Amino acid sequence: MTATLRAAIVGTGAIAHAHAEAIAALDGADLVAVTDRDPEAARRFADARGGEVHDDLVALLADARPDVVHICTPPGVHAEQAIAAMEAGAHVVCEKPAALSLAQLDAMVEASQRTGKRLSVVFQQRTGTAAAHVKGLLDSGALGRPLVAVCQTLWFRDQAYFDVPWRGSWATEGGGPTLGHAIHQIDLLAYLLGDWESVRADLWRVGRETGTEDSSTATVAFASGAIASVVTSAVSPREVSAIRLDTEKATVTLEHLYGHGHTHWRITPAPGVPEAEVAQWALPAVEEPSGHVPLLRGVYAALAEGGDLPPEASDPARSFEIVTAVYSSAAHEGARVTPALLRADVARMASLEAPVVERRPGR
């Protein structure tokens, strides 16, 4: 990159450190400003990571005039902060979930189109040399047509996690673990398989005191013809993030937790596939794991060159649409939801709030 872009971080909680580390790793980026609603937290962060502390986003945008604003705040304020940053002339990198509703995300996308500023939502599971290699095999048809998939986000969060004031609330968190946790694996699944066609789903409350779901189950049909079973849980002691894709020629498996490298992927050929053909599926010799660094490297390169965002940072709404369809289907007693029907569900477009089936004994 020939230009150095001035970066700012809004919200200095735990995830902001991943952004700061990635910015520091890039040749064409410089962290110049930070802000947080807790001034002391912002000061500690700046002392450790760099950047000048500003009282709030308004002051940061006016005084620091950053080229790129990283939104690392709770999801309830993502939309207003992202739109304000783009209207002030900055590109935006926004942590997931991008917003509390698809309508909010649509407003963010509209602001990006109106201002000419790029909007990138952080879905770092798309990155890494293994994911890029598998996507290339699928897109080229080397593995044959995708047929059946399994997508699992089985994590463990105790009751104290849900007791944080803004969590477990439709108004402030937007949704439960389907939105806050599973969207990463759902996004990777959609990145590999492409456009979705329909969703049927249920929301469950099996073990936690929370206003949203703590688990969900869904069936997602893709335009390619592939069918995926998607299971989400925040009550699973042995945690795993997993994807399995069965194609005409192979089974592709990924099992990890919060990030993946080559050792987490496996490609198993179907009986009868020639060894010479299987050899061409081997993962590349040079490895880079998934993470914020490769994601932001691609984003910043595109911004410096004035080009389109790379595939791992484009399509900010696709996985949010699938997640919204999960809540929409649950709100309509497991009905099949298509993209057109989703857009017609005015209530779910504005809020993900939907009925949750109570499965705790005595409740």
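Residues numbered from 1 in each chain as written. Predicted model: local features only at pLDDT ≥ 70, side-chain atom pairs only at ≥ 80, totals over all residues. Heavy atoms only, no water.

**Student:** I'm lost on the packing of aromatic side chains in this one. Help?
**Tutor:** To describe a pair of aromatic rings, you give the distance between the ring centres and the angle between the ring planes. If you walk through the whole model with that rule in mind, you get three aromatic pairs. For the ring pair Trp155 and Tyr258, a centre distance of 4.9 Å and an interplane angle of 85° mean the geometry is edge-to-face. Taken together, the positions of Trp155 in strand S7 (residues 146-156) and Tyr258 in the loop between strand S12 (250-256) and strand S13 (265-269) put the pair 103 residues apart, joining distant regions of the chain. You can call Trp155 buried: its relative accessible area is 7%. A cation over a ring is seen here: Arg167 above Tyr161, with NZ or CZ 3.8 Å from the ring centre. (Phe/Tyr/Trp six-rings, centres within 6.5 Å; stacked < 30°, edge-to-face > 60°. Helix = DSSP H or I, 4+ residues; strand = E, 2+ residues; numbered from the N terminus. Buried < 20%, exposed > 50% of the residue type's maximum accessible area, 1.4 Å probe, protein only. Lys NZ or Arg CZ within 6 Å of the ring centre and 35° of its normal.)

**Student:** Explain the nonpolar core to me, please; I cannot follow it from the model alone.
**Tutor:** Of all hydrophobic cores here, the largest spans 78 residues; its most connected members are Leu105, Met108, Leu189, Phe222 and Leu245. At eight residues, helix H9 (residues 183-193) tops the list of elements feeding residues into this core. Excluding anything up to four places from it in sequence, Leu245 contacts Leu138, Val148, Ala149, Leu189, Leu192, Leu193, Ala250, Thr251 and Val252. The next biggest cluster of nonpolar side chains, apart from the first, holds 25 residues, and it includes Ala29, Val68, Ala302 and Leu303. (Core = buried A, V, L, I, M, F, W, Y, C linked by side-chain atoms within 4.5 Å. Contact = heavy atoms within 4.5 Å.)

**Student:** What is the right way to look at helix H6 (residues 129-140) in this model?
**Tutor:** In an α-helix there are 3.6 residues to a turn, and that puts residues three or four apart on one side. With 12 residues, H6 should cover 16 Å at 1.5 Å per step; its first-to-last C-alpha distance of 16 Å lies within 8% of that length. Listing the buried residues of H6 in full gives Ala130, Ala131, His133, Val134, Lys135, Leu137 and Leu138. Backbone geometry just downstream of H6 places Gly141 in the positive-phi region, at approximately 85°. (Expected span 1.5 Å × (residues − 1).)

**Student:** Just to check I follow, could you spell out a negative patch on the surface for this structure?
**Tutor:** On the surface, Glu52, Asp55, Asp56 and Asp63 cluster together to form a negatively charged patch. Tracing the chain through its elements places Asp56 in the loop between strand S3 (52-53) and helix H3 (57-64). Residue Asp56 is classed as partly exposed on the basis of its relative accessible area of 37%. (Patch = residues over 30% accessible without salt bridge, like charges linked within 9 Å, V, L, I, M, F, W, Y side chains within 5 Å. Areas by Shrake-Rupley, 256 points an atom, 1.4 Å probe, with all protein chains shown as cover. Salt bridge = Lys/Arg side-chain N within 4 Å of Asp/Glu carboxyl O. Lys, Arg positive; Asp, Glu negative; His and termini not counted. Charge placed at Lys NZ, Arg CZ, Asp CG, Glu CD.)

**Student:** What is the right way to read the layout of surface pockets from this model?
**Tutor:** Over the atoms rolls a probe the size of a water molecule, and in doing so it shows where empty space is left. As a volume, the largest pocket reaches approximately 1,200 Å³. Forming the boundary of the largest pocket are 41 residues, of which Ile15, Cys72, Thr73, Pro74 and Trp166 lie nearest the centre. Per-class residue counts for the lining of the largest pocket are 16 nonpolar, 16 polar and nine charged. Here the second largest pocket is characterised by a volume of approximately 170 Å³. Along the walls of the second largest pocket sit Val109, Ser112, Gln113, Gly116, Lys117, Arg118, Leu119, Leu309, Ala313, Ser314, Asp315 and Pro316, which together make up its complete lining. The element contributing the most residues to the lining of the second largest pocket is helix H5 (residues 102-115), with three residues. (1 Å grid on protein atoms, 1.4 Å probe; cavity = no way out; pocket = protein on both sides within 12 Å on 5 of 7 lines; lining within 4 Å. Points joined across faces, edges and corners; volume = space filled by probe spheres on them. Nonpolar A, V, L, I, M, F, W, Y, C, P; charged D, E, K, R; others polar.)

**Student:** What is the right way to look at the sheet that holds strand S14 (residues 357-358) in this model?
**Tutor:** Within a beta sheet, neighbouring strands are joined by backbone hydrogen bonds and run either parallel or antiparallel to one another. Judged by pairing direction, the sheet is mixed, and its eight strands sit side by side in the order S13-S12-S11-S7-S10-S9-S8-S14 without closing on themselves. Of all strands in the sheet, those with a lone pairing partner are S13 and S14, marking the two edges. As paired strands, strand S9 (residues 215-222) and strand S10 (residues 227-233) are joined by seven bridges and run antiparallel to one another. Looking at S10, one finds that Ser216 is bridged to Thr232. Its contacts with the sheet put H6 on S7, strand S11 (235-247), S12 and S13, and the angle it makes with S13 is roughly 30°. (Pairing = 2+ DSSP bridges. Axes fitted to C-alpha atoms, helices over the stretch in contact; angles between N-to-C directions.)

**Student:** How do you make sense of unusual backbone geometry when you look at a structure like this?
**Tutor:** The bulk of non-glycine residues show a negative phi, and the bulk of peptide bonds are trans. Omega for the peptide link from Lys96 to Pro97 comes to -15°, which places this bond in the cis form. Residue placement: Pro97 occurs in the loop between strand S5 (91-94) and H5. Unusually for a residue other than glycine, Arg65 sits at a positive phi of about 45°. Here Arg65 shows up in the loop between H3 and strand S4 (68-71).

**Student:** How should I be thinking about the pairing of strand S2 (residues 29-35) in this particular structure?
**Tutor:** Two faces make up the sheet, and in a regular strand the side chains alternate between them. Summarising burial for S2: six of the seven residues are buried, a large majority. Bridge analysis of strand S1 (residues 5-10) against S2 gives six bridges, and the strand direction is parallel. Within the sheet, the bridge partner assigned to Leu5 lies in S2 and is Ala29. Where the polypeptide runs from S1 across helix H1 (residues 14-25) and back to S2, its parallel neighbour, the crossover connection is right-handed. The pairing of S2 with S3 spans two bridges and is parallel. Paired with Val34 across the strands is Val53, a residue of S3. In terms of handedness, the path from S2 via helix H2 (residues 39-49) over to S3 forms a crossover that is right-handed. (Right-handed = clockwise from strand over helix to strand, strands pointing away.)

**Student:** Teacher, can you tell me more about the pattern of salt bridges here?
**Tutor:** Side chains that differ in charge, positive against negative, can pair when their charged atoms come close. Evaluated as defined, the whole model comprises 19 salt bridges. The partner of Arg343 in a salt bridge is Asp106, and the shortest N-O contact between them spans 2.4 Å. Residue Arg343 is found in helix H13 (residues 339-344), and its partner Asp106 is found in helix H5; the two are separated by 237 residues along the sequence. Of the charged contacts in the structure, one is a salt bridge between Arg238 and Glu255, with a shortest N-O distance of 3.8 Å. With Arg238 in strand S11 and Glu255 in strand S12, this residue pair connects regions lying 17 residues apart in the sequence. Owing to a relative accessible area of 45%, Glu255 belongs among the partly exposed residues under this scheme. If you follow the salt bridges from partner to partner, you end up with Arg205, Glu209, Glu358, Arg360 and Arg363 in one network.

Remember that the coordinates give geometry; whether it matters functionally is a separate question.
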